[in-house]
Amino acid sequence: MNGQTSKNIIYRIESVVSNLTVTEKKVASYILAHPKEVTQMTVHEVADCAGTSSAGVVRFCRSIGVQGFSDLKLQLSAISNQIYEEPRGYWDIEPNEEKSSVINKTVNNSIQALRDTSEYIDIDIIEQAVAMLKEASIIYVYGVGASSIVADDVALKWLRLGKPTLAGSDAHKVATAIANAPKNAVFFGISYSGNTKEVWKLTELAIKHGLRTLGLSRFGKSKLSSVSELMLYTSHAPEAVLRSGATSSRLSQLLAIDILFFVYASVDFESTREQLEQSRDAIKDLT
């Protein structure tokens with residue numbers, strides 16, 4: 001997460017702990033249990049208390065996206081005096097639950113997902129992604145399931161700005177397009193888990209054919225993050241049974257896309273306004 005300080009490093013650790021190695025989990029467990037104390041400790045002291053090595057602590061820092069142990073301590077210090085009066089987390093509905101409670105939980109889960117995702121938005125990466133898309137001759141974007149909805153949103157947004165964009169639902173057709181892509185084409189792969197096979201396989205294919213690649217997934221190590229040139233991240237929200245990856249994850253992805261779109265649009269505001277007006281006029285002609 002270069003160029004960004006997380007508003008809640010504790011949440012970041014909690015959200016990715018299941019993906020850490022055994023050694024890194026030891027470090028995470030100690031830090032989560034003693035966040036304030038860690039701010040006054042050396043890397044060697046934390047390693048001893050966690051039952052691991054200093055190198056293990058450094059690897060843990062890299063895995064959660066901070067620049068080093070000093071950066072970790074700085075972020076822990078920034079939140080050490082905060083008191084969380086409201087419960088954090090995501091809530092699933094219960095059998096025969098009151099309708100008002102269902103509404104409140106749905107709204108709270110959505111707000112939680114958006115706030116958490118805002119902590120993973122890296123300004124430097126957003127700027128690099130904007131530059132990549134500005135230079136693109138065409139954007140190929142692909143996602144499966146709920147992520148395909150996000151891919152369609154990407155296509156609609158950039159088409160309105162006059163950028164040739166193709167969102168395909170058939171991996172074979174997208175692969176064919178990639179194999180015949182023009183110079184300076186970009187492939188944008190979207191997968192909440194980051195491990196959807198078709199998405200990362202298409203990303204590898206895009207690299208093979210000389211395309212630049214951009215990915216969007218939840219924060220953490222994944223196949224998509226390992227192959228993509230640039231990665232945008234959302235929160236790693238634990239999906240309860242009835243939310244099933246199609247609500248908080250989708251909202252998180254759409255927020256990341258909205259931010260990318262508005263930064264892209266603001267870079268050349270006058271041109272953006274002209275393109276949007278032309279798009280509106282074209283739609284009006286259909287009514």
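Look up: the structure comes first, before these words.
Predicted model only: the values in this text are computed from it and were never measured.

Draft legend 1. Structural context of the overall build of the protein. When helices and strands are tallied, the protein shows 14 helices and five strands. Here the protein holds 287 residues, and 46% of them are scored as buried. Pairs at least 24 residues apart make up 71% of the contacts formed inside the protein by residues separated by at least 6 positions. Of the roughly 14700 Å² of accessible surface on the protein, a fraction of 54% belongs to carbon and sulfur atoms.

Draft legend 2. A negative patch on the surface, seen in detail. A grouping of Glu274, Glu277, Asp281 and Asp285 is seen on the molecular surface, where their side chains present a negatively charged patch. When you line up the elements, Asp285 lands in the segment after helix 14 (269-284). For Asp285, a relative accessible area of 65% puts it in the exposed group.

Draft legend 3. Examining the pairing of strand 4 (residues 212-218) more closely. Burial analysis of strand 4 places five of its seven residues in the buried class, the great majority of the element. Pairing of strand 3 (residues 186-190) with strand 4 involves five bridges; the strand directions are parallel. From the neighbouring strand, Ile190 faces strand 4, where its bridge partner is Leu216. In this fold, the crossover linking strand 3 to strand 4 by way of helix 11 (residues 197-208) has right-handed handedness. Note: strand 4 against strand 5 (residues 230-234), five bridges, orientation parallel. Its bridge partner being in strand 5, Leu216 is matched across the sheet by Leu232.

Draft legend 4. Broad picture of the sheet that holds strand 1 (residues 139-143). Strand order in the open sheet formed by five strands is 2-1-3-4-5, with parallel pairing between adjacent strands. Each edge of the open sheet is held by one strand with a lone partner, namely strand 2 (165-167) and strand 5. Adjacent strand axes in the sheet meet at a mean angle of 15 degrees, parallel and antiparallel pairs treated alike. Most of the contacts of helix 8 (residues 123-135) go to strand 5, to which it runs at about 125 degrees, and overall it touches strand 1, strand 3, strand 4 and strand 5. Strand contacts of helix 11: strand 1, strand 3 and strand 4, with the helix running at about 165 degrees to strand 3, the strand carrying the most contacts.

Draft legend 5. Examining the pattern of salt bridges more closely. Taken as a whole and judged by the stated rule, the model has four salt bridges. A salt bridge links Glu135 to Arg212; the nearest nitrogen and oxygen atoms lie 3.7 Å apart. Note that Glu135 is positioned in helix 8 and Arg212 in strand 4, a separation of 77 residues in sequence. The shortest N-O distance in the salt bridge between Glu229 and Arg212 comes to 2.6 Å. Of the two residues, Glu229 is situated in the loop between helix 12 (223-227) and strand 5 and Arg212 in strand 4; the sequence distance between them amounts to 17 residues. Overall, the relative accessible area of 40% leaves Glu229 in the partly exposed class. Here the salt bridges do not stand alone but share partners, grouping Glu135, Arg212 and Glu229 into one network.

Draft legend 6. Unusual backbone geometry, seen in detail. If you check the backbone angles, Asn184 has positive phi at about 70 degrees while not being a glycine. Among the residues examined, Asn184 registers a relative accessible area of 47% and is labelled partly exposed.

Draft legend 7. Geometry of helix 7 (residues 99-118). With 20 residues, helix 7 should cover 28 Å at 1.5 Å per step; its first-to-last C-alpha distance of 29 Å lies within 8% of that length. Among the residues making up helix 7, those that are buried are Lys105, Asn109, Gln112, Ala113, Asp116 and Thr117. Seen end-on, helix 7 carries its buried residues on one side only, within an arc spanning 120 degrees. Exposed residues pointing more than 90 degrees away from the buried face of helix 7 are listed as Lys99, Ile103 and Arg115. On its buried side, helix 7 packs onto helix 1 (9-16), strand 5 and helix 13 (248-267).

Conventions and cut-offs
- Residues numbered from 1 in each chain as written.
- Predicted model: local features only at pLDDT ≥ 70, side-chain atom pairs only at ≥ 80, totals over all residues.
- Heavy atoms only, no water.
- Helix = DSSP H or I, 4+ residues; strand = E, 2+ residues; numbered from the N terminus.
- Buried < 20%, exposed > 50% of the residue type's maximum accessible area, 1.4 Å probe, protein only.
- Contact = heavy atoms within 4.5 Å.
- Areas by Shrake-Rupley, 256 points an atom, 1.4 Å probe, with all protein chains shown as cover.
- Patch = residues over 30% accessible without salt bridge, like charges linked within 9 Å, V, L, I, M, F, W, Y side chains within 5 Å.
- Salt bridge = Lys/Arg side-chain N within 4 Å of Asp/Glu carboxyl O.
- Lys, Arg positive; Asp, Glu negative; His and termini not counted.
- Charge placed at Lys NZ, Arg CZ, Asp CG, Glu CD.
- Pairing = 2+ DSSP bridges.
- Right-handed = clockwise from strand over helix to strand, strands pointing away.
- Axes fitted to C-alpha atoms, helices over the stretch in contact; angles between N-to-C directions.
- Expected span 1.5 Å × (residues − 1).
- Arc of directions from axis to C-beta.

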